[in-house]
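Observations on chain architecture
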Amino acid sequence: MAARNSKPEETAPAATVRPQEYGAGTGWDVGQNAPQDAYRALGGEGMTTPTGPVVHEHPGGYARLIVAKGGTVTAGVKRDLDAAEADKSEQG
């Protein structure tokens, strides 16, 4: 008499289909890749307060790089960009 295996028959797993991955695109929305560098000048006491508009080339002096070209725009980056726009509209 042939020995029977008490385990259910193991089957090979089905082929795993990997989803197609697409780039997030280029733009200034969260999850996209930044099309350019974005800087904001720093001023005030200790040169730590962001001032002025967002510029795409280093403004000279003290400045903060918000996001580098090709970097992912995160929620924090978007918040910094929006804050610069809000400051600009309050002043203008």
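Cut-offs used in this document
- Residues numbered from 1 in each chain as written.
- Predicted model: local features only at pLDDT ≥ 70, side-chain atom pairs only at ≥ 80, totals over all residues.
- Heavy atoms only, no water.
- Pairing = 2+ DSSP bridges.
- Helix = DSSP H or I, 4+ residues; strand = E, 2+ residues; numbered from the N terminus.
- Polar contact = N/O pair within 3.5 Å; in protein donor to acceptor, adjacent residues only side chain to side chain.
- Contact = heavy atoms within 4.5 Å.
- pLDDT = per-residue confidence, 0-100.
- Salt bridge = Lys/Arg side-chain N within 4 Å of Asp/Glu carboxyl O.
- Buried < 20%, exposed > 50% of the residue type's maximum accessible area, 1.4 Å probe, protein only.
- Axes fitted to C-alpha atoms, helices over the stretch in contact; angles between N-to-C directions.

Describing the pairing of strand E2 (residues 49-55)
Examined bridge by bridge, strand E1 (residues 38-43) and E2 share five bridges and lie antiparallel to one another. Residue Gly 43 lies in a different strand from E2, and its bridge partner there is Thr 49. Taking the residues that link successive antiparallel strands as the turn, the E1-E2 hairpin has five residues, and the phi of Gly 44 there is positive, at about 80 degrees.

What about the side chain of Arg 40?
Mapped onto the secondary structure, Arg 40 falls in strand E1. In this structure the side chain of Arg 40 is engaged in a polar contact, spanning 2.7 Å, whose partner is the backbone oxygen of Gly 52. A polar contact is formed between the side chain of Arg 40 and the side chain of Asp 87, at a distance of 2.7 Å. Setting aside chain neighbours within four positions, we find Arg 40 in contact with Pro 50, Thr 51, Gly 52, Pro 53, Ala 63, Arg 64, Ile 66, Asp 80, Ala 83, Ala 84 and Asp 87.

Considering the confidence of the model for the chain
Model confidence for the chain is summarised by a mean pLDDT of 85, while 83% of its residues fall at 70 or above. Taken element by element, the chain is modelled with least confidence in helix H1 (residues 75-91), mean pLDDT 89, and with most confidence in strand E3 (residues 63-67), mean pLDDT 95.

A short note on the pattern of salt bridges
Under the defined criterion, the tally for this structure stands at three salt bridges. Taking the shortest distance from any N to any O, the salt bridge between Asp 87 and Arg 40 comes out at 2.7 Å. Here Arg 40 lies in strand E1 and Asp 87 lies in helix H1, a separation of 47 residues in the sequence. With relative accessibility at 4%, the residue Arg 40 sits in the buried group. Here Lys 78 makes a salt bridge to Asp 82, at a shortest N to O gap of 3.7 Å. Of this pair, Lys 78 and Asp 82 are both found in helix H1, four residues apart, which corresponds to roughly one turn of the helix. A residue is classified by how much of its surface remains accessible, and Lys 78, at 24% relative accessible area, is partly exposed.

As for the sheet that holds E1
Sheet architecture is open: three strands sit in the order E2-E1-E3, paired in antiparallel fashion. One side of each edge strand has no neighbouring strand; the edge strands of this open sheet are E2 and E3. The average angle at which neighbouring strand axes cross in this sheet is 30 degrees, direction not considered.

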